[in-house]
Structures are given as structure tokens and as C-alpha cells.
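# A closer look at the structure
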Amino acid sequence: MTIGQRAHLQKTLHMRFGDAERIAEAAPQSSVAALTGLADHRVIRRYDSRPVDLYLVRLLCAIALSAPTKSDLQQRDIVIVSEPTRRRRLVELSGGDQWMYDAPVFLVVCGNNRRQRQLHDWRGRRFANDHLDAFFNACVDAAIVLAWLVAAAEAVGLGCCPISQIRNHPFAVSELLALPDYVVPVAGLLAGWPADAGALSPRLPLAATVHDETFDDARARELVDAYDTRRRAIQPYLRPRLVEQFGATPDYGWSEDKARQYSIPQRTEFGRFVREKGFKLD
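Figured I'd write up the structure that's included with this text.

Analysis parameters
Residues numbered from 1 in each chain as written. Predicted model: local features only at pLDDT ≥ 70, side-chain atom pairs only at ≥ 80, totals over all residues. Heavy atoms only, no water. Helix = DSSP H or I, 4+ residues; strand = E, 2+ residues; numbered from the N terminus. Rg over C-alpha atoms; globule rule 2.2 N^0.38 Å. Buried < 20%, exposed > 50% of the residue type's maximum accessible area, 1.4 Å probe, protein only. Contact = heavy atoms within 4.5 Å. Salt bridge = Lys/Arg side-chain N within 4 Å of Asp/Glu carboxyl O. Axes fitted to C-alpha atoms, helices over the stretch in contact; angles between N-to-C directions. Parallel < 35°, antiparallel > 145°, perpendicular 65-115°, else oblique. Left-handed = near helix turned anticlockwise from the far one by under 90°. Polar contact = N/O pair within 3.5 Å; in protein donor to acceptor, adjacent residues only side chain to side chain. Arc of directions from axis to C-beta. Phe/Tyr/Trp six-rings, centres within 6.5 Å; stacked < 30°, edge-to-face > 60°. Expected span 1.5 Å × (residues − 1). Patch = residues over 30% accessible without salt bridge, like charges linked within 9 Å, V, L, I, M, F, W, Y side chains within 5 Å. Areas by Shrake-Rupley, 256 points an atom, 1.4 Å probe, with all protein chains shown as cover.

## Brief notes about the overall build of the chain
Within the chain one finds 13 helices and four strands. In terms of overall size, the chain behaves like a compact globule, its C-alpha atoms giving a radius of gyration of 21 Å where 282 residues would be expected to give roughly 19 Å. By principal-axis analysis of the C-alpha atoms, the chain measures approximately 60 × 50 × 50 Å. Across the 282 residues in the chain, those meeting the buried criterion constitute 37%. Put simply, of all contacts in the chain between residues at least 6 apart along the chain, 75% involve residues at least 24 apart.

Rendered as C-alpha cells:
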């Protein structure tokens, strides 16, 4: 490990957050390369034509399923979608962008509370926690696996992009993947060999998202405004969202984009889907 490697980590963190001064100095020498790889994560939406070996995909699944899981309950599964007709339909349900069709790997990470309930049936024990936490635990387990899938894919040189759009049409996705009661799709993951390096997306400053002792957002507006300005300089939005409704503004930034994004209803049937899968959300 050289001084240059640590400097690269610091530069990457500063580009990401803007206020990550000198924290790379805390990295143990043996971990600088690994931490830089994580800090330099980029979403990849363009893939070359090389296939990804199925054994490699299964290896990545095994690595991801080695992740922490609440109380060793292991309430998360991965569906590998390879059959062309099913895969094409899943892409259609997820937005249908061309780059999605081009990705050689499509995985769906599911929260699975079904297996826990089966254990109770098999062992003759009452399932005494039929409330919101059962759903929440399974989804958190699935989210952790998704993060580890991304890290594992990038460790072998693949690029990837999580896909929340599979929840746009949960009933159709569930039918397509034959998901039983108490199993819900949490996110998809597209992966392949990158056709470009992608872009490093600036994040909110650490001052806005890392709290000492107690939560404090007294400076939230100030920090978000500063982030908007920094992000416009580094990674401006190419097209404003919902121009027909809200018009175009010269200072269009992250906060305006996110406010516009959630100003229209989305996934309004997901709660009904979860309940029809058997979950009680009390």
C-alpha cells in the first residue's frame, strides 16, 4: 500500500461527499484497496456482449447469502431469471428500457417469511409474531443480501444496477416467479461485464447523514441546498422530471428532482399485495 493509494481513497470520498476531510487516514493499511473499491461504487447500465457464466452467478449468490441475517432466521432468497420469455416479461414489468434487455444477468432478491412459518408447522409450534415485524425482518434480510450481491459482483469485475421497479407490478411479478404466500420481491439486480466505467454519483454530505449520539437535522435545509449546488457542478441532471406539470428551472437539482418524483402516486397496490401475501402489518 502506497501513500498514493490512501490519497486515492481520500479523493474518492471527497468527490462522493464533499466533506469527508482526512478520514481516509483512519483506514488500516491492509484495507485501503478494498475500501476504495466500495467507496468508488458506480451504477452500470451499459454492458458488453460477453455472457456471465451461470456458475459465477451461483458463486455470487453464495457469497451474498453469507451476509448477516436477523437471528439466523435466513429470511431471504434469490431467484435467477434466465429463461428468455420469462426474463423478457420481467424486464417489461420493470420498465422495459433497452439496457435492461441487454444485461446478461437478472436476479430477484425476495424476502421470505414462508420458511419460518413452515418451521412452526413442522415442529408444532405457534407462530406468535404475526405482525409488521415479520414482514420487516424478511425485507431487511433481503436488502442486506442485495448489498452483498452488489459488492460481490463488483469484486469480480461485473457492473450492476439494483432494480426497484419490479415492485411496480407486484402481482404480475409474483405470478411470473411463482412466489407463494409470505414471499415478496424486494428488488431486482441486473449485472454484466461493464461497457463503460459509469459515473460516481455525489451523495449528501456526511454532516447531513451521520449523527453523533442523537439525531440532529437542524441544518438539513442548508446542507441539502449546498448539496444541490455541488451536484449540479459535478453531475447535473440531463433532463428535468415532469416538465409538463412543473416547468423547467435553472437551478434544478437533487432536491427538486426527488420532490417531483414523489409528487405523483407510485406502487399504490404494493400494500394490498403484501397483505394478500398473508402479512399482517399491525
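## Structural notes on the pattern of salt bridges
Per the stated rule, a full pass over the model turns up 15 salt bridges. Notably, a salt bridge pairs Arg46 with Asp196, separated by 3.1 Å at the nearest N-O pair. Taken together, the residues span a long stretch of sequence, with Arg46 in the loop between α2 (32–39) and α3 (54–64) and Asp196 in the loop between β4 (183–192) and α9 (206–209) at a distance of 150 residues. Its relative accessible area of 49% is what places Arg46 among the partly exposed residues. On the accessibility criterion, Asp196 (31% relative accessible area) is partly exposed. Across the pair Arg50 and Asp48 runs a salt bridge, and its minimum N-O distance is 3.1 Å. On the accessibility criterion, Asp48 (25% relative accessible area) is partly exposed. Linked by salt bridges that have partners in common, Arg117, Asp130 and Lys280 make up one network.

## Details of the environment of Arg241
Here Arg241 shows up in the loop between α10 (220–234) and α11 (243–246). Taking the relative accessible area as the measure of exposure, Arg241 reaches 30% and is therefore partly exposed. In this structure, the C-alpha to C-alpha distance between Arg241 and Tyr252, residues 11 residues apart in sequence, is 9.5 Å. Ignoring anything within four residues of it in the chain, the contact list for Arg241 reads Tyr252, Asp257, Lys258, Arg260 and Gln261.

## Overview of the packing of α3 against helix α7 (residues 132–155)
Contact geometry for α3 and α7: axes closest at 8 Å, N-to-C directions at 130°. One finds that α3 runs oblique with respect to α7. Judged by the twist between their axes, the crossing of α3 over α7 is right-handed. Touching Leu60, Cys61, Ile63 and Ala64 of α3 are Val145, Trp148, Leu149, Ala152 and Ala153, all from α7.

## Looking at the environment of Arg115
For Arg115, the location among the structural elements is in helix α6 (residues 114–123). Sequence separation of Arg115 and Tyr237 is 122 residues, and the distance between their C-alpha atoms is 43 Å. Excluding its chain neighbours within four sequence positions, the residues that come into contact with Arg115 are Gln74, Arg76 and Asp77. A polar side-chain atom of Arg115 sits 2.8 Å from the main-chain carbonyl oxygen of Gln74.

## Examining α2
Looking at α2, one finds that the buried residues are Val32, Thr36 and Ala39. Down the axis of α2, the smallest arc covering the buried residues is 65°, so these residues share one side. When the buried face of α2 is taken as reference, the exposed residues oriented beyond 90 degrees from it are Ala33, Ala34 and Leu38.

## Thoughts on the side chain of Gln235
Structurally, Gln235 can be placed in the loop between α10 and α11. Taking relative accessible area as the criterion, Gln235 reaches 19% and is therefore assigned buried. At a separation of 3.4 Å, a polar atom in the side chain of Gln235 contacts the side chain of Ser201. Beyond its immediate stretch of four places on either side in the chain, Gln235 contacts Ala199, Leu200, Ser201 and Pro202.

## Re the packing of aromatic side chains
Overall, the coordinates contain six aromatic pairs when judged by the stated rule. With 5.2 Å between their ring centres and 65° between their planes, Phe135 and Phe279 make a pair best called edge-to-face. Taken as a pair, Phe135 in helix α7 and Phe279 in the segment after α13 (270–276) lie far apart in primary sequence, 144 residues in all.

## Examining α7
When the terminal C-alpha atoms of α7 are compared, their 35 Å separation across 24 residues agrees well with the 34 Å that a helix rising 1.5 Å per residue should span. One or two steps after α7, the chain reaches Gly157, where phi turns positive at roughly 95°.

## Quick notes on a nonpolar patch on the surface
A surface patch of nonpolar side chains, amounting to about 270 Å² of accessible area, comprises Leu59, Ile63 and Trp148. When you line up the elements, Ile63 lands in helix α3. The exposure class assigned to Ile63 is partly exposed, which follows from its relative accessible area of 40%.

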